[in-house]
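Remarks on the overall topology
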Amino acid sequence: MNILLLGSGGREHAFSWKFSQSSLCEKLFIAPGNAGTATCGTNVALNIKDFEQIKSFVLENEINMVVVGPEEPLVLGIYDFFKNDLDLKNVPVIGPSEEGAKLEGSKAFGKVFMAEQNIPTAAYEEFDGTKIEEGLKYIATQTPPIVLKADGLAAGKGVLILPTIEEAQKEFKEMLGGKFGNAGSRVVIEEFLDGIEFSVFVLTDGKSYKILPIAKDYKRIGENDEGLNTGGMGAVSPVPFVDKVLMDKVEERVIKPTIKGIQERGFDYKGFIFIGLIRVNNEPYVIEYNCRMGDPETEVVFPRLKNDLAQLMKAVGDGTLENKQIEIDERAATTMFLVSGGYPEAYEKGKEIKGIEAIEDSIIFHGGTKNVDGKLLTNGGRVIAVTSFGKDFKAALEVSKKNAEQIDFEGKYFRRDIGFDL
Ligand code: AMP
Ligand code: GLY
């Protein structure tokens, strides 16, 4: 089959890498892709939010399946666009419908959904611009730190954790005043949960579900989890503290009710559910839903997944996922992201990347990279993810660290302490 994959990050390179190992995948196109995906298939310069443009490409190139990496096309309804188009309706889109993608696209909706199914999560209230006074009063009754979440997609920047009531009230007013544009026209105010986070990835065809390897990512730019939030600086899989007892609770209290909720609401959901969880007193609570895989979690989850990814995606599209068994590599996998100096704030692009060819014992996943005149250049904040295997996460990290030192570009930075809290 011919597959079109949408996206351009390390996650999409990991998808491409898996697809290129599949006997089922004949031609792979990646839109827009990066220098890494170009080694697994053909990059095509499509705007992933322009569904008419995607339609033309799909028809002209006899694409049999579209796999969506990032959330935005899903939240904008690419699934529904295909389903409702006479020429496209037989081309499965892997990813939920617009309604299903609201689990990620609206924090307030995610909270309502969890409440309906009694899924453990932080207590909360939601407020819009007509309820500013009520919101300020509500904040005053809370014990800091106070968690504020812009309702809509805000490129990972929409969550603020404020140490005092005064700061929370100021930020709350700024959010409703347009600090995050439309995404902040509603704000969720949430109880702060103190614990350790982990990520669970579920694949569903809307009927049955399969659990993929568990992972933990490191979001802060600085070592010891200090400084600004990033897309993610590194990840490990599996997560040592997520034992069978905790995972059984996650499955019974979170995963099963989530699938039940999707069915009760009648959502078309054929894709990934990424559940961000936090462990508090050995109990799991949901921090957030995402309607896609994580980045950089995919760079450790997919290397551990032994299944043929195209076969799995096909089963999701066909509604036959129930017949599949997930096979997992028992080894640990870790990844470290090399990022541009200055990231997650302003940074420069176009720096030459050297030293990748010599790496033999890690898998190199490209994030923001491009080829220009035979040179590999940086083209984003998160540039190269260095993924390694080991008998445990410590052994894997040693290999990632050694190889992260070998790759070079001006301004390169990476966290050497991934896994420090495990
Ligand atoms: P999100 O964008 O929802 O993933 O939130 C970003 C980060 O904020 C999460 O990864 C958590 O570290 C933190 N966070 C979100 N909600 C809470 C909460 N209720 N309690 C503590 N930390 C939270
Ligand atoms: N690494 C977190 C995310 O993909 O949202």
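Here we summarise the structure given alongside this text. (Residues numbered from 1 in each chain as written. Chains lettered and ligands numbered in written order. Predicted model: local features only at pLDDT ≥ 70, side-chain atom pairs only at ≥ 80, totals over all residues. Heavy atoms only, no water.)

1. Structural notes on the overall build of the protein chain
Cut-off, in case you're wondering: Helix and strand definitions follow DSSP, with helices as H or I runs of at least four residues and strands as E runs of at least two, each counted in order from the N terminus. Radius of gyration here uses only the C-alpha atoms, and the compact-globule reference equals 2.2 Å multiplied by the residue count raised to the power 0.38. Under the scheme applied here, a residue whose accessible area is under 20% of the maximum for its type counts as buried, over 50% as exposed, and between as partly exposed, the area being computed with a 1.4 Å probe on protein chains only.
Secondary structure assignment for the protein chain yields 12 helices and 22 strands. A compact globule built from 422 residues should have a C-alpha radius of gyration of about 22 Å, and the protein chain, at 21 Å, falls within 12% of that. Considered along the principal axes of its C-alpha atoms, the protein chain spans approximately 60 × 50 × 40 Å. Within the protein chain, the proportion of its 422 residues that are buried is 57%.

2. Considerations on the sheet that holds strand β15 (residues 234-237)
Whether parallel or antiparallel, the strands of a sheet pair through hydrogen bonds between backbone atoms. Using the following cut-off: One requirement defines pairing of two strands: DSSP has to find at least two bridges between them. The contact criterion used is simple: two residues touch if any of their non-hydrogen atoms lie within 4.5 Å. Angles shown run from 0 to 180 degrees and are taken between the N-to-C directions of axes, each axis being a line fitted to C-alpha atoms and, for helices, limited to the stretch in contact.
In spatial order, the strands read β12-β15-β18-β22-β19; together these 5 strands make up an open sheet with antiparallel pairing. Either end of the sheet is taken by a strand with one partner, and the two such strands are β12 (216-217) and β19 (363-366). As paired strands, β15 and strand β18 (residues 332-339) are joined by 4 bridges and run antiparallel to one another. Paired with Ser-237 across the strands is Ala-333, a residue of β18. Helix-sheet contacts for helix α1 (residues 10-19) involve β18 and β19, and the interaxial angle to β19 is about 125°.

3. Re the site of ligand 2
Under the convention used in this document: In this text, near means that some heavy atom of the residue lies within 4 Å of the molecule or strand in question. The definition of a polar contact used here is a pair of N or O atoms within 3.5 Å, where within protein one atom must be able to donate a hydrogen and the other to accept one, and adjacent residues in sequence count solely through side-chain atom pairs. Computed with a 1.4 Å probe, the accessible areas rest on the Shrake-Rupley method; for each residue, only the protein chains presented here act as cover. Asp, Glu, Lys and Arg are counted as charged, while Ala, Val, Leu, Ile, Met, Phe, Trp, Tyr, Cys and Pro are counted as nonpolar; the rest, among them Gly, fall into the polar class.
If you check the shell around ligand 2, you find Asp-217, Lys-219, Gly-231, Phe-274, Arg-292, Gly-294, Asp-295, Pro-296 and Glu-297 and nothing else. Between ligand 2 and the protein, one listed contact pairs a nitrogen atom with a backbone N or O atom of Gly-231 at 3.2 Å. Protein contact buries 89% of the 200 Å² of open area that ligand 2 shows by itself. Counted by class, the shell around ligand 2 contains 2 nonpolar, 2 polar and 5 charged residues.

4. Observations concerning the packing of aromatic side chains
Stated formally: Aromatic rings from Phe, Tyr and Trp, with only the six-membered ring used for Trp, were paired whenever their centres fell within 6.5 Å, and each pair was classed as stacked if the ring planes differed by under 30 degrees, edge-to-face if by over 60, and tilted otherwise.
Taken as a whole, this structure holds 17 aromatic pairs when the rule is applied. Ring centres 5.5 Å apart and planes at 55° place the aromatic pair Phe-51 and Phe-81 in the tilted group. In this pair, Phe-51 sits in helix α2 (residues 51-60) while Phe-81 sits in helix α4 (residues 78-83), placing the two residues 30 residues apart along the sequence. Their ring planes at 85° and their centres at 5.9 Å tell us that Phe-113 and Tyr-289 sit as a pair that is edge-to-face.

5. Things to note about the nonpolar core
In plain terms, the rule: Residue types Ala, Val, Leu, Ile, Met, Phe, Trp, Tyr and Cys, when buried and joined through side-chain atoms within 4.5 Å, form a set referred to as a nonpolar core.
Counting 51 residues, the largest nonpolar core has Leu-4, Val-66 and Phe-198 as its most contacted members. Within the second largest apolar cluster, 42 residues are counted, among which are Phe-15, Val-67, Ala-333 and Ile-363.

6. A short note on the sheet that holds strand β17 (residues 283-290)
The sheet built from 4 strands is open, its strands ordered β11-β10-β16-β17 with antiparallel pairing. Across the chains shown, the open sheet's two edge strands, defined by having one partner strand only, are β11 (209-211) and β17. For this sheet the average axis-to-axis angle between neighbouring strands, irrespective of direction, equals 35°.

7. Topic: the site of ligand 1
Residues in close proximity to ligand 1 total 14 residues, the closest being Glu-190, Glu-191, Leu-193, Glu-197 and Glu-288. In this structure, a nitrogen atom belonging to ligand 1 sits 3.1 Å away from a side-chain N or O atom of Lys-149. For ligand 1, the protein covers 89% of the area, taking 480 Å² as the surface of the free molecule. Counting residues per element, the ones that place at least two in the shell around ligand 1 are β7 (146-150), β8 (159-162) and β17. Per-class residue counts for the shell around ligand 1 are 7 nonpolar, no polar and 7 charged.

8. As for a nonpolar patch on the surface
Note the threshold: Patch building starts from residues that exceed 30% relative accessible area and form no salt bridge, then joins like charges within 9 Å and nonpolar side chains (Val, Leu, Ile, Met, Phe, Trp, Tyr) within 5 Å. Between Lys or Arg on one side and Asp or Glu on the other, a salt bridge is scored when a side-chain nitrogen of the former is within 4 Å of a carboxyl oxygen of the latter.
Side chains of Val-159, Ile-161 and Phe-192 sit close together on the surface and give an oily, nonpolar patch of about 230 Å² of accessible area. For Val-159, the position within the fold is in strand β8.

9. Some words on the environment of Glu-99
For Glu-99, the location among the structural elements is in helix α5 (residues 98-105). Residue Glu-99 is classed as partly exposed on the basis of its relative accessible area, which comes to 46%. Residues Glu-99 and Pro-163, spaced 64 residues apart in sequence, show a C-alpha to C-alpha distance of 34 Å.

10. Structural notes on the side chain of Thr-258
Mapped onto the fold, Thr-258 is located in helix α9 (residues 244-264). Residue classification places Thr-258 among the buried residues on the basis of a relative accessible area of 1%. A polar atom in the side chain of Thr-258 sits 2.8 Å from the side chain of Tyr-289. Here Thr-258 is in contact with Phe-113, Ile-119, Ile-273 and Tyr-289, once residues within four sequence places are set aside.

Everything listed here is a matter of geometry and, on its own, says nothing about what the molecule does.
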